[in-house]
Amino acid sequence: MRYKKIYTRIILMIFIICCIQTAFGSNVTINVNNKEIIFPDAKPYINNDNRTMVPVRFISEALNAKVGWDGEKREVSITMSDKDIRLIIGQSKAFINNKGIEFDTVPIIKEDRTFVPLRFVSEGLGATVKWDEYTRTVLITQPQKDLSKVVDIDVKQENEREIIEIKATRGMTPRVFTLSNPERCIIDIPDAEMALNTHKIPVNSDNVLQIRASQFKNDPAQVRVVLDLSQPVSPQITTGDNQILLEFENKSNPNSNDDEDYDEDNINDNNDDNNDDNDDNDDDTIVGEINNIETEVLSNSTLLTIQGAISQQYSIFRLSNPERIVIDIPNVNHNLPSKNWKIEEGYVKQIRTAQYQLSPPTVRVVLETEKPLRYRLKHKSEDEMVLELYESSSSEISGKTVVIDPGHGGKDPGATGCSGAYEKTTTLMIAQLLEERLMDAGYQVIMTRDKDEYIGLEERVQIANDEMADLFISIHHNSMDNNPVPNGIGTYYYRNYISEETLTAATAIQQGLIQETGLFNRKTIPSGLYVVRHTLMPAVLVELGFMSNSEEEQLILSPEFHEQSAEGIYQGIEKYFTLIDKSQSLIKADI
């Protein structure tokens, strides 16, 4: 009887231990700043030391920290502002800002993920950690940053200088840069939030056409102010306690008349008879002359070709009532046979040209159009520039900017198919077909490359980020060495602070591709590929079939597949923007 009792107690102890281990190994919910963190594959767990272990990348990104990995040292680094944490796999000693600290558990690699102790990392980054036993939830709260509120944007004219003043409730550290085609000056203000009553301020001065402002990011908070410029010009920037000042030097119009109203696109020059008497104004910066303008009407657009010795700098802007597109080309003289001629076909009704300025010599070309048109530079060389003018779509989707990234190019051929074909060739073909579809629908389209040239990964990402794109699409083909079996289409995306929108885009595009091509569905795949990881907008990378599969390669090389792929991606993009606009969940303001 005694042995039976002992046996029963042993069984009971084993049962209790199993229950405890089961509880330790059961799922744990992680909540950061009142938002549940989703761990799609490797889940958090409680280890034998009663410590919550989490995949380092997901929790660090939830806390807006960056993660690094040193394979030789087997060391994980986690950095955020003034915090730097380093942990070594299998060791209980870590370093916070180079100070060694012992803790009671060790980081491990499990399920191909690096797991770290949640409380140690979170508190090391300055957050507070609490445990809710009833719901088995870890509650992590980061201290709220003292955000600067942007309260006013003012435009002043002082001593022949135009001053844009951005006012806030406390000091700002802006990042300022300029973009071209069209000309813009971008002011990014970190740790700031919008407190303005309006998002658009019309200006119509010598330098600035209008000012636009928006809450560009929410996490981390960032305000973006955009100055739409009438010409390529960089302001002088100064910062004060609660303000940013951007100063432009006003450039007077030598053709203006004080007794007449100034017209921004005025090209009625009175200088032609005096050109020979103003040689002192012609300095070494003059590179040539404009001697010919041609138009070509296409099915959905009009091509405008300006010929002559054209400088690298030029300015294009749009005016309304009536609708006009104005092109200023500096450092050239007017040598056209006519200054005013009508166009019988296409979107352009009339072209007017003149020597707009003498110093520096500038030719102005004004295109009078029947309706508001979009434009983009198709070609630019030393002796000509070609603009394509096209009509905006009436679709609600129009106005979005999409960056298309044809994979590889130049010295980087990408995958080589069974027949010897290069991946870089077909990705460009499909990208160009997609570009046509998107432009016809009214999208603003930017190509990271439009010919066989090498573009680095960082530059591809920078193009999209600088242009404040709404969506980034990278086009590739797959390959697996020495394995002709794998086939199908997959769409890759990166989980980050805009992962919900990114997954929506990836799912919509994958569905569109499978519907159009009928290939095997490899579904959407989370990935850390560079071009989808470092873009600041929803970004996906599509792998359109395997070039290592001889049958699928033949399909990939066919014009029919190119059309199907472009159509599939296009349909996915349309669906994505429709879904996002309906839910009003875009993370980025459209400015």
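Worth saying up front: this structure is predicted, and the values here are computed from it rather than measured. The numbers attached to residues start from 1 for each chain and follow its sequence in the written order. It should be noted that, the model being predicted, local features are given only for residues of pLDDT at least 70 and side-chain atom pairs only at 80 or more, the latter also being counted only at that level, while totals for whole chains, interfaces and linings use all residues. Excluding hydrogens and water, the side-chain figures rest on all heavy atoms present in the structure.

### Side note on the overall build of the chain
Argument step 1. Helix and strand definitions here come from DSSP, where helices need a minimum of 4 consecutive H or I residues and strands a minimum of 2 consecutive E residues; each element is numbered from the N-terminal end. Secondary structure summary: the chain contains 9 helices and 39 strands in total.
Argument step 2. Out of the 591 residues in the chain, the part that is buried amounts to 48%.
Argument step 3. It only takes one pair of heavy atoms within 4.5 Å for two residues to be counted as in contact. Taking contacts inside the chain between residues at least 6 apart in sequence as the whole, the part at least 24 apart equals 63%.
Argument step 4. Surface accessibility in these figures is a Shrake-Rupley result with a 1.4 Å probe; residues are shielded only by whichever protein chains are displayed. Approximately 29,700 Å² of the chain is accessible, and the part contributed by carbon and sulfur atoms is 45%. When a residue's accessible area, from a 1.4 Å probe over protein chains only, is under 20% of the maximum for its type it is buried; when over 50% it is exposed; and in between it is partly exposed.

### A closer look at helix α5 (residues 457–466)
Because the α-helix completes a turn every 3.6 residues, residues three or four places apart line up on one side.
Argument step 1. Taken residue by residue, α5 has R460, V461, A464, N465 and D466 as its buried positions.
Argument step 2. Check the buried side of α5 and you find it contacts β16 (175–179), β21 (221–229), β34 (401–406), β36 (471–478) and α7 (530–533).
Argument step 3. Following α5 by one or two positions, M468 has its phi on the positive side, about 55°.

### Digging into the pattern of salt bridges
Argument step 1. The working definition used for a salt bridge is a side-chain nitrogen of Lys or Arg within 4 Å of a carboxyl oxygen of Asp or Glu. Taken as a whole, this structure holds 17 salt bridges when the rule is applied.
Argument step 2. Between E165 and K167 there is a salt bridge, with its nearest N and O atoms 4.0 Å apart.
Argument step 3. Taking relative accessible area as the criterion, E165 reaches 6% and is therefore assigned buried.
Argument step 4. Of the residues examined, K167 reaches a relative accessible area of 27% and is grouped as partly exposed.
Argument step 5. For the salt bridge of E563 with R437, the shortest nitrogen-to-oxygen distance reads 2.9 Å. Of the two residues, E563 is situated in helix α9 (residues 559–583) and R437 in helix α4 (residues 423–440); the sequence distance between them amounts to 126 residues.
Argument step 6. Residue E563 is classed as partly exposed on the basis of its relative accessible area, which comes to 36%.
Argument step 7. Through salt bridges that share partners, D152, K156, E165 and K167 make up one connected network.

### Side note on the sheet that holds strand β7 (residues 83–88)
Argument step 1. With respect to topology, 5 strands assemble into an open sheet ordered β5-β6-β7-β8-β9, the strand pairing being antiparallel. The open sheet is flanked by β5 (66–70) and β9 (99–102), the only strands paired with a single partner. Geometrically, the sheet is characterised by an average inter-axis angle of 25° between neighbouring strands, direction not taken into account.
Argument step 2. Pairing analysis gives 5 bridges linking β5 to strand β6 (residues 75–80), with the strands arranged antiparallel. Paired strands, as defined in this entry, are two strands with at least two bridges between them according to DSSP. Interaxial angles span 0 to 180 degrees and are taken between N-to-C directions of axes, which are lines fitted to C-alpha atoms, for helices over the stretch in contact.

### Here we look at the environment of P361
Argument step 1. If you trace the backbone, P361 turns up in strand β31 (residues 361–369).
Argument step 2. Among the residues examined, P361 registers a relative accessible area of 1% and is labelled buried.

### Description of the packing of aromatic side chains
Argument step 1. Centres within 6.5 Å make a pair out of two Phe, Tyr or Trp rings, where for Trp the six-membered ring is used; the pair is then stacked when the planes are under 30 degrees apart, edge-to-face when over 60, and tilted otherwise. In total, this model carries 4 aromatic pairs according to the counting rule given.
Argument step 2. Ring geometry for F103 against F120: centres 4.5 Å apart, planes inclined by 25°, an arrangement best described as stacked. Within this pair, whereas F103 is found in the loop between β9 and β10 (108–110), its partner F120 is found in helix α3 (residues 118–124), the two being separated by 17 residues in sequence.
Argument step 3. The exposure class of F103 is buried, given its relative accessible area of 13%.
Argument step 4. An aromatic cluster is defined as three or more aromatic residues linked by ring pairs; in this entry it consists of Y443, Y576 and F577.
Argument step 5. Either the NZ atom of lysine or the CZ atom of arginine qualifies as a charge over a ring when it sits within 6 Å of the ring centre and within 35 degrees of the ring normal. Against the face of F95 rests R86, its NZ or CZ located 4.8 Å from the ring centre.

### Considering the nonpolar core
The tendency in soluble globular proteins is for nonpolar side chains to be buried as a group.
Argument step 1. For this analysis, a nonpolar core means a set of buried residues of the types Ala, Val, Leu, Ile, Met, Phe, Trp, Tyr and Cys, connected via side-chain atoms within 4.5 Å. If you look at the biggest cluster of nonpolar residues, it comprises 41 residues, and the most contacted ones within it are I475 and I573.
Argument step 2. Elements with a minimum of two residues in this core: β34, α4, β35 (444–447), β36, β37 (489–493), α6 (499–517), β39 (539–546) and α9.
Argument step 3. Here this core gets 8 residues from one element, more than from any other, and that element is α9.
Argument step 4. Judged by nonpolar contacts, the second largest core, of 31 residues, contains I30, V54, M80 and V121.

### With respect to the sheet that holds strand β4 (residues 52–55)
Argument step 1. Read from one edge of the open sheet, 4 strands run β3-β4-β11-β10, paired in antiparallel fashion. Of all strands in the sheet, those with a lone pairing partner are β3 (45–46) and β10, marking the two edges.
Argument step 2. When β3 meets β4, the two strands line up antiparallel, connected through 2 bridges. Paired with I46 across the two strands is T52, which belongs to β4.

### Description of the confidence of the model for the chain
Argument step 1. Scored by pLDDT, the chain has a mean of 79; 81% of the residues are at 70 or more.
Argument step 2. The lowest-confidence element of the chain is helix α1 (residues 2–25), averaging 50 in pLDDT; the highest-confidence one is β36, averaging 96.
Argument step 3. pLDDT expresses, on a scale from 0 to 100, how confident the predictor is about each individual residue. Across residues 252–286, where pLDDT falls below 50, the model places 49 contacts with residues more than four positions away in sequence or in other chains.
Argument step 4. Throughout residues 584–591 the model reports pLDDT below 50, and contacts reaching past four residues in sequence, or to other chains, amount to 27 contacts.

### A closer look at the pairing of strand β15 (residues 161–168)
Argument step 1. In terms of burial, β15 is largely enclosed, as 6 of its 8 residues are buried.
Argument step 2. Across 8 bridges, strand β14 (residues 148–158) lies against β15 in antiparallel orientation. Within β15, the position partnered with Q157 by the bridge is E162.
Argument step 3. Hairpin connection from β14 to β15: 2 residues lie between these consecutive antiparallel strands, with N159 at a positive phi of about 50°.
Argument step 4. As defined by bridge partners, β15 adjoins strand β23 (residues 243–249) across 7 bridges and the pair is classed as antiparallel. Its bridge partner being in β23, K167 is matched across the sheet by Q243.

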